[in-house]
Amino acid sequence: MTQTPAPAPAPVHWKLVVDAGDPHAQADFWAGALHYAVEDNSALIERLLAAGALPGAATVEFHGRPAFRDLIAVRHPQDPFDADSGTGLGRRLLFQRVPEAKTVKNRLHLDLHPGEGRRAEEVERLRALGASVLREVKEPSGAWVVMADPEGNEFCVH
């Protein structure tokens, strides 16, 4: 008797959640940094408001449309998304409001790879968006620039 092989498990859907003092400013920065799209959840928010399931105080106007006050995500523009809610179904960063400021080194960070010979140009582009250079690293394993986003979260440009 031949057994049918078990189906391969589906990949796990994930998002990276980043604590933020101002999630909307962080979303704008990272959307610009990564060439991502800020998610538009306005249709979902309007339905929740109309149903009384979301208080108006939990929303803000962001880029001329209603948004959640305390969280917003950015997504890869070519990844699928739920048209009903505006929520991305692929590569995403979600920024959630927290009351405390960042105080210690990140335990997780993004490495950006702009392409061969483009590091200096990318560092300047990111500085124009509001990032700052923390240090330049040159080691036998390679070279990169350690930067911080507008709220001080470290990331590297290789």
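The structure presented is a predicted model; accordingly, all values stated were derived computationally and were not measured.

## Details of the packing of helix α1 (residues 23–34) against helix α3 (residues 119–129)
It is at 10 Å that the axes of α1 and α3 come closest, and there the two elements cross at 160°. Comparing the axis directions of α1 and α3 gives the class roughly antiparallel. For the crossing formed where α1 meets α3, the hand is right-handed. When α1 is examined against α3, the residues F29, G32 and A33 are found in contact with a partner set consisting of E122, R125, L126 and L129. Across the contact of α1 with α3, the residue classes break down as 4 nonpolar, 1 polar and 2 charged.

## Some words on the pattern of salt bridges
Within the structure shown, the criterion is met by 9 salt bridges. Across the pair K102 and E154 runs a salt bridge whose closest N-O atoms are separated by 3.4 Å. Residue K102 is found in the loop between β6 (92–97) and β7 (110–112), and its partner E154 is found in strand β10 (residues 154–157); the two are separated by 52 residues along the sequence. We classify K102 as partly exposed; its relative accessible area is 33%.

## Thoughts on α3
When we look at burial in α3, the residues that qualify are E122, V123 and L126. Looking straight down α3, one finds that the buried residues subtend no more than 100° of arc, so they occupy a single side. Turned more than 90 degrees from where α3 packs its buried face, A120, E121 and A128 sit exposed. Where the residues of α3 are buried, they touch α1, β7, β8 (132–139), β9 (142–148) and β10. Just downstream of α3, G130 is the residue with a positive phi angle, here 120°.

About the criteria used
Residues numbered from 1 in each chain as written. Predicted model: local features only at pLDDT ≥ 70, side-chain atom pairs only at ≥ 80, totals over all residues. Heavy atoms only, no water. Axes fitted to C-alpha atoms, helices over the stretch in contact; angles between N-to-C directions. Helix = DSSP H or I, 4+ residues; strand = E, 2+ residues; numbered from the N terminus. Parallel < 35°, antiparallel > 145°, perpendicular 65-115°, else oblique. Left-handed = near helix turned anticlockwise from the far one by under 90°. Contact = heavy atoms within 4.5 Å. Nonpolar A, V, L, I, M, F, W, Y, C, P; charged D, E, K, R; others polar. Salt bridge = Lys/Arg side-chain N within 4 Å of Asp/Glu carboxyl O. Buried < 20%, exposed > 50% of the residue type's maximum accessible area, 1.4 Å probe, protein only. Arc of directions from axis to C-beta.

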